[in-house]
Structures are given as C-alpha cells and as structure tokens.
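# Fold and geometry: a report
Listed below, chain by chain, are the residues.
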Amino acid sequence: MSLQTQVMEKMKAAMKAKDTVALESLRAIKSAILLEQTSGGSGGELSEVEETKLVQKLVKQRKDSAAIFTEQGREDLAEPELAQAAIIEQFLPEQLTEEEIEKVVVQTIDSIGAQSMKDMGKVMGMVSKELAGQADGKTISTIVKNKLS
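Described below are features of the structure shown in this document. (Residues numbered from 1 in each chain as written. Predicted model: local features only at pLDDT ≥ 70, side-chain atom pairs only at ≥ 80, totals over all residues. Heavy atoms only, no water.)

## Some points on the overall build of the chain
Looking only at helices and strands, the chain features seven helices and zero strands. When the helices and strands of the chain are listed from N to C terminus, the series reads α-α-α-α-α-α-α. When the backbone C-alpha atoms are referred to their principal axes, the chain occupies close to 55 × 45 × 25 Å. Each of the 149 residues in the chain was classed as buried or not, and the buried ones make up 34%. For the chain, long-range pairs separated by at least 24 residues make up 58% of all intrachain contacts whose partners lie at least 6 apart in sequence. (Helix = DSSP H or I, 4+ residues; strand = E, 2+ residues; numbered from the N terminus. Buried < 20%, exposed > 50% of the residue type's maximum accessible area, 1.4 Å probe, protein only. Contact = heavy atoms within 4.5 Å.)

Right under this line is the structure:
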C-alpha cells in the first residue's frame, strides 16, 4: 500500500475521531507528497525511497522546530511539534538502535579499509544508503566520527 493511501485512510479515521493534531500532521504529509509529485523531476509517482526521505524530512523539521521552541522557553509551541513528529514517525520503517548502527558502520569501515577522517565521506555514503530510512543521518555521522578518529 502506498504512503498516500495509508495517509488518506488515517486521515479519515482522524476526522471521525476529531483528532486535530493527527489530522494536521497527516495533511502535512499529504501536502508534501502532492508537492513532490507535481514538481518537475518526479513524473507523478514517488518511489518508496523518496517517500521515506520525505517523511524523514517532515519529522526532522518538527523536531528541529521543537528544539528551537524549547530553547526559547516556549514549551506551549514545542509540544504540538513533538506530537506531530510522533504521528508522522508512524510512517517510517522501524528505526535501528545505536548498537545496530555501530555494527553496520564497523563492517563498512572494515570492508573499504577506511583509516582516517579523510574516508568519512565514503563511509557515510555507503552506510546512509544501506540504512536508508532506518537511521537518522546525525546519529550515523556521530558514530562514524567516533570510529574514524
């Protein structure tokens, strides 16, 4: 089932339940999908990888906004952002733990023979491709830095 179909079904349920936070979150996903589909290069349909990247982007935006609001002492604005992020995260694949990410990073470093921070780009590229949608780029980057330095 495509992401768009899943979102539409959840939207109907949220409307019936009068869940405004869920509805707002789902509308944001739907809007982002439509925007991406109508942009020049996509050709109308999104692949599963593109859908995952889109959802990750939306979650990251919400979390970044919440962090800024919290930093400024605006918990009243941070809470809805985190609530929306939690709802949007339901559409992401199961996230890996740091230990699981670390295993993949170590395997990748061993397989390409990475020695120093000069090789970070190669390692990041391979690990990011392998763990697409299952791990946050920031977490991967931190683990790669720790292993290479």
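This is not the end of the story, as more comes after the structure.
## Concerning helix 2 (residues 20-38)
Between its first and last C-alpha atoms helix 2 spans 27 Å; for 19 residues at 1.5 Å apiece the expected length is 27 Å, and the two agree. Every buried residue belonging to helix 2 is among Ala22, Leu23, Ser25, Leu26, Ala28, Ile29, Ala32, Ile33 and Gln37, and all of these are buried. Tucked into the core, helix 2 has its buried residues touching helix 1 (3-17), helix 3 (48-71) and helix 4 (75-89). (Expected span 1.5 Å × (residues − 1).)

## A look at the pattern of salt bridges
Counting across every chain of the model gives four salt bridges. The partner of Arg74 in a salt bridge is Asp76, with the nearest N and O atoms 3.0 Å apart. A salt bridge links Glu102 to Lys147, with the nearest nitrogen and oxygen atoms 2.7 Å apart. Taken together, the residues span a long stretch of sequence, with Glu102 in helix 5 (residues 98-112) and Lys147 in helix 7 (residues 137-148) at a distance of 45 residues. Residue classification places Glu102 among the partly exposed residues on the basis of a relative accessible area of 31%. (Salt bridge = Lys/Arg side-chain N within 4 Å of Asp/Glu carboxyl O.)

## Some remarks on the side chain of Arg62
Mapping Arg62 onto the fold places it in helix 3. Of the side chains bearing the opposite charge, Glu81 lies closest to the buried Arg62, which forms no salt bridge; the N-O distance is 4.1 Å. In this structure Arg62 touches Ala28, Glu81, Gln84, Ala85 and Ile88, once residues within four positions along its chain are discounted. (Lys, Arg positive; Asp, Glu negative; His and termini not counted.)

Everything listed here is a matter of geometry and, on its own, says nothing about what the molecule does.
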